[in-house]
Amino acid sequence: MIIQPRTRGFICITTHPEGTAKNVHNQIEYIKSKNISTEGPKKVLIIGASTGFGLSSRITAAFGYNAATIGVFFEKPAAQKKPGTAGWYNTAAFEKEAHAAGLYAKSINGDAFSDEIKQQTIDLIKKDLGQVDLVVYSLASPRRTHPKTGVVHSSVLKPIGEPFTNKTVDFHTANVTDITINPIDSQEDIDNTIAVMGGEDWKFWMEDLKAAGVLAEGVKTVAYSYIGPELTHRIYKDGTIGMAKNDLEKTVPVLNELLADLNGVSYVSVNKALVTQSSSAIPVVPLYVSLLYKVMKDKGIHEGTIEQMQRLFEERLYTTNGQIPLDENGRIRIDDLEMREDVQKEVDDLWKIVTSENINEISDIKGYRDEFFQLFGFNYDEIDYDVETDELVTVPSIS
Ligand code: NAI
Ligand code: NA
């Protein structure tokens, strides 16, 4: 079978197994090259471990700290003549390299929002690891079936209040247009988005893990958030997704109380805007990211998910002196370079003048597109995409 990229709307519906393995391999090599020397996690559960920040968290824990990892995610394996999802191949590639390095790595593929998957995870921890000392919560999902009520909640990406008009780009065509996004219809839109992307499921996980006795003394847990600049606030920070992130932050003190007798602690880490499957679906954001990438690359401070996670672990969660730098609201900030004044000033200036005519010169739209397709294993110079990959489609498996 010859696998080429095919897109439907924003998403890429094909995946190249060799290319996704390359993506994973590059991240592993990056982490190994950092020669991390601080004391870090030993047994780690990553919820949302197959792509984006979760995958990079897993790679950092495993190849930066020799940690045993259990990854939970929702992906599709390859079927006859049909490639699996990127997260499936990422995990197959990760496990192969982890096992070759003598590292424990097992995965659970299923709905992390469900009680069943939580129980399966607990059983696996009990059987193989006893306890975990770090829980990374990195889910991004458009919907959640609530485990107690059975109600299916769908999140929406909408502003609150007035309609929001700003520039946006179709990153496939580099066409810049104005977009008007209508606001929420009712409070229900906010409530549903909070139900999917807020803190309740994180809390359910930690409650169940604690009740089962599988959290180690001094356990840490971290979930990811985003703030971003003024120009995206209406659609992100002050929109429905931002309300869900506020809810996630409000979960931190609740979890700290839950974990107090274990001397455990929970954090929200505010991360940088990056190209992932989830963020490419948000209007306005891809244009902002294209300009941000250009500015940050020119300044030599560009980061992808793996660079971000390396800094999160080595310079925040596991520092030499044990101190975790936090902002005035108690959050970890690894969006510090993105939010630097000089960076934001330059992005702002470019934002005002960007059009379809100049986008290729003044933004890194090409870098955005390349990275987007690399998430699916495409656009790697080293790979010949005209060659049959039959074996690779069916062979990769996870344990
Ligand atoms: P992603 O789409 O790359 O990863 C999502 C992960 O969740 C995948 O492993 C997927 O399999 C898993 N997942 C989704 N639904 C699931 C379900 N029902 N059961 C089990 N697993 C499921 O997303 P990304 O971008 O890495 O996002 C992770 C977190 O980081 C999110 O909270 C997001 O808001 C946050 N974040 C993202 C930023 C960005 O620019 N991409 C910036 C800052 C924070
Ligand atoms: Na993730």
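About the cut-offs
Residues numbered from 1 in each chain as written. Chains lettered and ligands numbered in written order. Predicted model: local features only at pLDDT ≥ 70, side-chain atom pairs only at ≥ 80, totals over all residues. Heavy atoms only, no water. Pairing = 2+ DSSP bridges. Helix = DSSP H or I, 4+ residues; strand = E, 2+ residues; numbered from the N terminus. Contact = heavy atoms within 4.5 Å. Axes fitted to C-alpha atoms, helices over the stretch in contact; angles between N-to-C directions. Salt bridge = Lys/Arg side-chain N within 4 Å of Asp/Glu carboxyl O. Buried < 20%, exposed > 50% of the residue type's maximum accessible area, 1.4 Å probe, protein only. Phe/Tyr/Trp six-rings, centres within 6.5 Å; stacked < 30°, edge-to-face > 60°. pLDDT = per-residue confidence, 0-100. Expected span 1.5 Å × (residues − 1). Core = buried A, V, L, I, M, F, W, Y, C linked by side-chain atoms within 4.5 Å. Patch = residues over 30% accessible without salt bridge, like charges linked within 9 Å, V, L, I, M, F, W, Y side chains within 5 Å. Areas by Shrake-Rupley, 256 points an atom, 1.4 Å probe, with all protein chains shown as cover. Donors = N, O, S within 2.8 Å, 3.2 Å for Na, K, Ca; no water. Tetrahedral: all angles 85-135°; square planar, octahedral: opposite > 155°, others 65-115°.

(A) Expanded view of the sheet that holds strand E12 (residues 265-270). Sheet architecture is open: seven strands sit in the order E5-E4-E3-E6-E11-E12-E13, paired in parallel fashion. This sheet does not close on itself; its edge strands, each paired only once, are strand E5 (105-109) and strand E13 (332-333). Where strand E6 (residues 132-137) lies against strand E11 (residues 215-225), five bridges are found, and the strand directions are parallel. Directly across from Val136, in E11, lies its bridge partner Val222. In the packing of helix H6 (residues 200-211) onto the sheet, the strands contacted are strand E3 (43-47), strand E4 (68-73), E6, E11 and E12, and the crossing angle to E11 comes to about 170 degrees.

(B) Summary view of the pattern of salt bridges. Applying the stated criterion across every chain yields a total of 28 salt bridges. Taking the shortest distance from any N to any O, the salt bridge between Arg340 and Asp342 comes out at 2.9 Å. Arg340 sits in the partly exposed class, given a relative accessible area of 33%. Here the residues in one salt-bridge network are Glu249, Asp327, Arg331, Arg333 and Asp335, joined through shared partners.

(C) Layout of the packing of aromatic side chains. One pass over the full model with this rule turns up twelve aromatic pairs. Measuring from ring centre to ring centre gives 6.3 Å for Tyr137 and Trp202, while their planes differ by 25 degrees; the resulting arrangement is stacked. Taken together, the residues Tyr137 in strand E6 and Trp202 in helix H6 connect sequence positions 65 residues apart. In this structure, Tyr137 and Trp202 share a single accessibility class: buried. Measuring from ring centre to ring centre gives 5.1 Å for Phe372 and Phe376, while their planes differ by 55 degrees; the resulting arrangement is tilted. By relative accessible area, Phe372 is classed as buried at 0%.

(D) Highlighting the side chain of Asp189. Residue placement: Asp189 occurs in helix H5 (residues 187-197). The class of Asp189 is buried, set by a relative accessible area of 12%. Apart from residues lying up to four places away in sequence, Asp189 is in contact with Val156, Lys158, Ile184 and Thr240.

(E) Quick look at the confidence of the model for the protein chain. Looking at the protein chain as a whole, the pLDDT averages 94, with 98% of positions reaching at least 70. We note a pTM of 0.97 for the whole complex and an ipTM of 0.98 for its interfaces.

(F) Seen up close, helix H9 (residues 285-298). Helix length check: H9 (14 residues) gives 20 Å between terminal C-alpha atoms against 20 Å at 1.5 Å per residue, within 8%. Within H9, eleven of the 14 residues are buried, which leaves it mostly tucked inside the rest of the structure. Among the residues of H9, those classed as buried are Val285, Pro286, Leu287, Tyr288, Val289, Ser290, Leu291, Leu292, Tyr293, Val295 and Met296. On its buried side, H9 packs onto strand E9 (164-170), strand E10 (175-181), helix H7 (230-233), helix H11 (341-353), helix H12 (359-362) and helix H13 (365-374). Once H9 ends, the next one or two residues include Gly300, with phi positive near 70 degrees.

(G) Representation of the nonpolar core within the structure. Tyr288, Val289, Leu312, Ile359 and Phe372 are the most contacted members of the largest nonpolar core, which has 72 residues in total. In terms of residue count, H9 provides more of this core than any other element does, nine residues in total. If sequence neighbours within four positions are ignored, Ile359 has contacts with Val169, Ala174, Val176, Leu287, Val354 and Ile365. By size, the runner-up hydrophobic cluster in this structure holds 31 residues, among which are Ala68, Leu139, Ala223 and Leu255.

(H) Looking closely at a nonpolar patch on the surface. A contiguous nonpolar surface patch, about 240 Å² in accessible area, is contributed by Phe10, Ile11 and Ile13. Relative accessible area serves as the criterion here: at 37%, Phe10 is assigned to the partly exposed category.

(I) Quick look at the pairing of E10. Sheet topology note: the E9/E10 ladder contains seven bridges and is antiparallel. What sits directly across from Asn166, in E10, is Ile179. Counted between consecutive antiparallel strands, the loop separating E9 from E10 contains four residues, among which Ala174 sits at a positive phi close to 65 degrees.

(J) Focus on the coordination of the sodium ion (ligand 2). All of the protein donors around the sodium ion (ligand 2) are Gly48 (O), Thr51 (O), Gly54 (N) and Ser138 (OG); their distances to the metal are 2.7 to 3.1 Å. Coordination at the sodium ion (ligand 2) comes from six donor atoms whose angles at the metal span 69 to 179 degrees, giving a geometry best classed as irregular. Within one chain, the residues donating to the sodium ion (ligand 2) are spaced in sequence as G-x2-T-x2-G-x83-S.

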